[in-house]
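# Remarks on the overall topology
Each chain is listed here by its residues.
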Amino acid sequence: MILGLSIGPEYYLALSALLFTIGAGGLLIRRNPLVMFMCIELMLNAANLAFISFGKEMGDLGGQLSVLFVLVVAAAEVVIGLAIVVAVMRRRPKASVDEVSVLRG
Amino acid sequence: MTSLVWLIPGFPLIGFTLLLIFGRRLGEPQAGWLATATVSGSFLSALAVFFGLATKPPEERVYEVTLFEWIPSGELSVGMGFLADPLSIAMALFVTGVGALIHMYAIGYMHGDPKFSKFFLYLNLFVFAMLMLVLGDNLLITFLGWEGVGACSYFLISFWHEEPANATAGKKAFVTNRVGDWGFMVAMFLLFFNIGSLKYSDIFSSVIEADALTQTTATGIVVMLFIGAAGKSAQFPLYLWLPDAMAGPTPVSALIHAATMVTSGVYLLTRMNPVLAEAAGWSTDLIWIVGLFTALFAATAAVAQNDIKKVLAYSTVSQLGFMFVAVGSGLYVAAIFHMITHAFFKALLFLGAGSVIHGMHHEQDMRKYGALRKAMPITAFTFIIGWLAIAGIPPFSGFWSKDEVLLAAWNENKIAWVMLLAAAVMTAFYMSRLVFMTFFGEKRWGTSEEEAHDNETEKHEITPHESPVVMWLPLVLLSGLAAIAGLLNLPFSHDTKHLEKWLEPILFGNEVHVNASGQTKWLLAVIAIIGASVGVIAAIFVYLKNRVATSKIEHAILEDAWRFDSTVSSFMDGPGRRSFEATTWFDQNIIDGAVNGVGKITQRVSTRLRSTQTGLIRSYALGMVIGAVAIIAYFVSRMGF
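Keep in mind the model is a prediction, meaning the values are calculated, not measured. (Residues numbered from 1 in each chain as written. Chains lettered and ligands numbered in written order. Predicted model: local features only at pLDDT ≥ 70, side-chain atom pairs only at ≥ 80, totals over all residues.)

### With respect to the overall build of chain A
Condition: Segments assigned H or I by DSSP are reported as helices when at least four residues long, segments assigned E as strands when at least two residues long, and all are numbered from the N terminus. Based on C-alpha atoms, the radius of gyration is set beside the globule rule, defined as 2.2 Å times the residue count to the power 0.38. Put plainly, a residue is buried at 20 or more neighbouring C-beta atoms within 10 Å of its own, exposed at 12 or fewer, and partly exposed in between, counting only other residues' C-beta atoms, which are placed from the backbone. We call two residues in contact if the C-beta atoms placed from their backbones are at most 7 Å apart.
Looking only at helices and strands, one finds three helices and zero strands in chain A. The C-alpha radius of gyration of chain A comes to 18 Å, more than 25% above the 13 Å expected for a compact globule of 105 residues. Oriented by its inertia axes, the alpha-carbon framework of chain A measures out at about 55 × 30 × 25 Å. Looking at the 105 residues of chain A, the share that counts as buried comes to 11%. Looking at chain A alone, contacts between residues at least 24 apart form 46% of all its contacts between residues at least 6 apart.

### Description of the overall build of chain B
Check the secondary structure of chain B and you find 25 helices and two strands. Principal axes of the C-alpha set define a box for chain B whose edges measure 120 × 70 × 50 Å. Residues counted as buried form 51% of the 641 residues belonging to chain B.

### What to know about the interface of chain B and chain A
By convention, interface size is frequently given as the accessible area that disappears when the constituent parts associate. Stated precisely, the cut-off is as follows: Polar here means any residue outside two lists: the nonpolar Ala, Val, Leu, Ile, Met, Phe, Trp, Tyr, Cys and Pro, and the charged Asp, Glu, Lys and Arg; Gly therefore counts as polar.
Between chain B and chain A, the contact holds 11 residues from the first and 10 residues from the second. Ranked by the residues each element gives to the side of chain B that touches chain A, the list is headed by helix α25 (residues 617-639) of chain B, at five residues. Here the residues of the side of chain B that touches chain A sort into five nonpolar, four polar and two charged.

### Notes on the pairing of strand β1 (residues 63-73) of chain B
Short version of the rule: Any two strands with at least two DSSP-identified bridges between them are counted as paired.
Burial analysis of β1 of chain B places just one of its 11 residues in the buried class, which makes it a mostly uncovered element. Between β1 of chain B and strand β2 (residues 76-84) of chain B, which pair antiparallel in sequence order, lie two residues; one of them, G74 of chain B, sits at a positive phi of approximately 60 degrees.

### Section: helix α14 (residues 308-328) of chain B
Residue and element names in this part refer to chain B. Where we set the bar: The span you would expect from a helix comes to 1.5 Å times its residue count less one.
Helix length check: α14, at 21 residues, gives a terminal C-alpha distance of 31 Å against a target of 30 Å (1.5 Å per residue), a fit within 8%. Counting buried positions along α14 yields 21 of 21 residues, so the element is predominantly enclosed. After α14 finishes, the residue G330 shows a positive phi value of roughly 85 degrees.

### A closer look at the environment of L276 of chain B
Residue and element names in this part refer to chain B. Counting through the fold element by element, L276 comes out in helix α12 (residues 273-279). C-alpha of L276 to C-alpha of K346: the two residues are 70 residues apart in sequence and 28 Å apart in space. Each residue touching L276, except ones within four places of it in the same chain, is listed here: V222, L269 and T284.

### Side note on the domain arrangement of chain B
What counts, and what does not: Throughout, the edges of the domains are those of an automatic or database domain assignment.
Here chain B is partitioned into domain 1 (2-453 + 461-557), domain 2 (563-610) and domain 3 (616-641). Taken over C-alpha atoms, the centre of domain 1 of chain B sits 41 Å from the centre of domain 2 of chain B.

### Thoughts on the nonpolar core
Residues and elements named next belong to chain B. Filter applied, for reference: In this description, a nonpolar core means buried residues of the types Ala, Val, Leu, Ile, Met, Phe, Trp, Tyr and Cys, linked to one another by C-beta atoms lying within 7 Å.
L225, V325, F344, A347, L420 and A482 are the most contacted members of the largest nonpolar core, which has 216 residues in total. The dominant element in this core, judged by the number of residues it contributes, is helix α15 (residues 332-359), at 18 residues. Once residues lying within four places of it in the same chain are set aside, the contact partners of A482 are F344, F345, L348, I385, G386, A389, F396 and S397.

### A closer look at unusual backbone geometry
All names here are of chain B. Cis geometry marks the peptide bond from E28 to P29; its omega dihedral reads -5 degrees. Following F236, the chain continues to P237 via a peptide bond in cis, the omega torsion being 0 degrees. Considering the arrangement of structural elements, one finds P237 in the loop between α8 (215-232) and α9 (241-244). Positive phi outside glycine occurs at D211, with the angle close to 55 degrees. One can find D211 in the loop between α7 (200-208) and α8. D211 sits in the exposed class, given 9 other C-beta atoms within 10 Å. The residue A234 is not glycine, and still its phi comes out positive at about 55 degrees. Its location among the elements puts A234 in the loop between α8 and α9. Taking the number of C-beta atoms within 10 Å as the measure of exposure, A234 has 31 and is therefore buried.

### As for α8 of chain B
All names here are of chain B. Look at α8: 25 Å from first C-alpha to last across 18 residues, which is about the 26 Å you get at 1.5 Å a residue. Counting buried positions along α8 yields 13 of 18 residues, so the element is predominantly enclosed. Once α8 ends, the next one or two residues include A234, with phi positive near 55 degrees.

### Re the environment of F128 of chain B
Residues and elements named next belong to chain B. Mapped onto the fold, F128 is located in helix α4 (residues 116-135). Residue F128 is classed as buried on the basis of its C-beta count, with 27 C-beta atoms lying within 10 Å. The spacing of F128 and M110 is 18 residues in sequence and 21 Å in space, taken between C-alpha atoms. Those residues within four positions of F128 in sequence are excluded, and the remaining contacts are P9, P12, L13 and F16.

### Quick notes on the pairing of β2 of chain B
When β1 of chain B meets β2 of chain B, the two strands line up antiparallel, connected through eight bridges. The partner of S73 of chain B across the bridge, within β2 of chain B, is L76 of chain B.

### Notes on the confidence of the model for chain B
Residue and element names in this part refer to chain B. To be explicit about the condition: In predicted models, pLDDT denotes the confidence assigned by the predictor to each residue on a 0 to 100 scale.
Mean pLDDT for chain B: 88, with 97% of residues reaching 70 or above. This stretch, residues 449-459, has a pLDDT under 50; its non-local contacts, to residues over four places away or in other chains, come to five contacts. Among the prediction metrics, the complex's ipTM stands at 0.83, with pTM recorded as 0.79.

### Remarks on the environment of T520 of chain B
All names here are of chain B. Secondary-structure assignment places T520 in helix α22 (residues 518-544). Assessed through the 13 C-beta atoms surrounding it within 10 Å, T520 is described here as partly exposed. In this structure, the C-alpha to C-alpha distance between T520 and L407, residues 113 residues apart in sequence, is 9.9 Å.

Here it is, written out as structure tokens:
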């Protein structure tokens, strides 16, 4: 508004889609577990952004509520995920995720 | 008084528990005395309950005690309840009374047996189960006891299971009884389906007052109950197990296979008399016809047996047939009367036979007996009383009860009466044969020494001896009962028919009254006495005076009981075994094959699918992405873009 530009929801959604794609692409391409983690967080936050913008657009509190849930779940997930990553890295420093494949069938 | 009812089965249960824990430590003979004491205790409490009932007016003579709810399940509610009424207390009295005497006898008989305390453990468990059968206030408790006595019978027949033949006899009894149990169970299902309760009082009130059963349903129930009763009470064709059951120790034969368990079929049918009355028609005819046939059939087989216990076993089958004739004709009092007198004299005869076997060092072949009355005077004297009672010589008890049963047959059919009289004459004949071969004539037990000499086997001198006091005291008491038990129901006037008056409340007016004048009854009784005398006199000619060669009477086919047993066995071993094998094959290949096949298919498919689990996180992520894209593509395409 300040610059005379009206930023509609489509901008937020486009940003959200962009962030999500970056996250998904990073997850597929990178091999460092920590970076992959960050990519997952990026995807989660892209989803959060979509929630917020839809919520605002539709005047529904549910969007914000969902974001709070996602944040809590993401925090919990990080606690467990990081613990696993740290445990793996302690045994095999500089390991890439492709080398940690002992759970194959 | 009400509280005493549960003590009747409670005492043997306590005895069983104590023997289970301390039996080995108690050892011989304390374990035996403990078991005897518990059964005596339950006899005393039964006596107390009996007097409690007797002081009440006839229509109020019933105690019902429910200890706890046993099976609460929807509409089915079964209580652990006891019913003490004239019928069950009469049964309980003779079961515990005769049972206590047999327990005492067994202390002497089982002397020196390595499993002495175990024997009494089983005996007490048996008495407990038998009392549950008798005193249960619903069919399921009765069934519990029914199966319990069956299991104890199995344990005790194969008590000396080191001999393969004894173990086989136990199995035979168990399997044959299962056929009957099937009938009992189907009858219970039908009753519950139609009435919604298994409690006797509910069944009777809904049958009598609400007319809850149609005649067809009642007929079905009666036939099924009769199959159950025929299995337990050894009626044709399910009698096969009883002669083999003689493999057990003799006190077991006396207690289980003569006095108590085998009469439970008669008890069950008498108990269910309202249903029998509702069914009437061919189902009750079937009962007396099968009973009549069994009585005659088993009597012919008993004539040619040489094993002293086998004679008594076939005699028991035959006498049970008499009871079924009475039940089928609707003369329940006669059936119960004969059951009680039979319990006295047949227990006496079995215990006497046991005493002889004991004295003759476990020789059971009567051809090796003879002239034993001098060696064992008390056994001989009491045995002779039992013989006169079963032969139907007045004034001993068997005459009175058998006369009532003969009247039942007369009432039903004149030909049936003639056939049953023939069975009674044969009873007198084969029992006289047994007595003469065992206690009279020439001694044949000295000769076995020469045979032993030829074979150079052990050459022990056979010296028959009188049994110890714990064994002859029960014999004396039982012979007293066998002699005077006729007093229970003398037919002279209504006042002397104590048993009939006593049982009246539980028969609901279903007792059939014999349609014959007083003179006819007298005439029939006189004919019965003449018949019994003919049987005895014929045996005197054959076995004491040796006027007729025994080979003319003891045909081999009679000894094999008309080869019925071997026919059934060979059928079961031939086509029967093949059909069982076919069933087994079907079970192992088709039924098990279907179950195992499902497992194998799952196993193979999952082995293939396992290779998709690479363990590579990024390939999983790729899968998720592809999946997500596919889902989005699906929704987008549905929106019509």
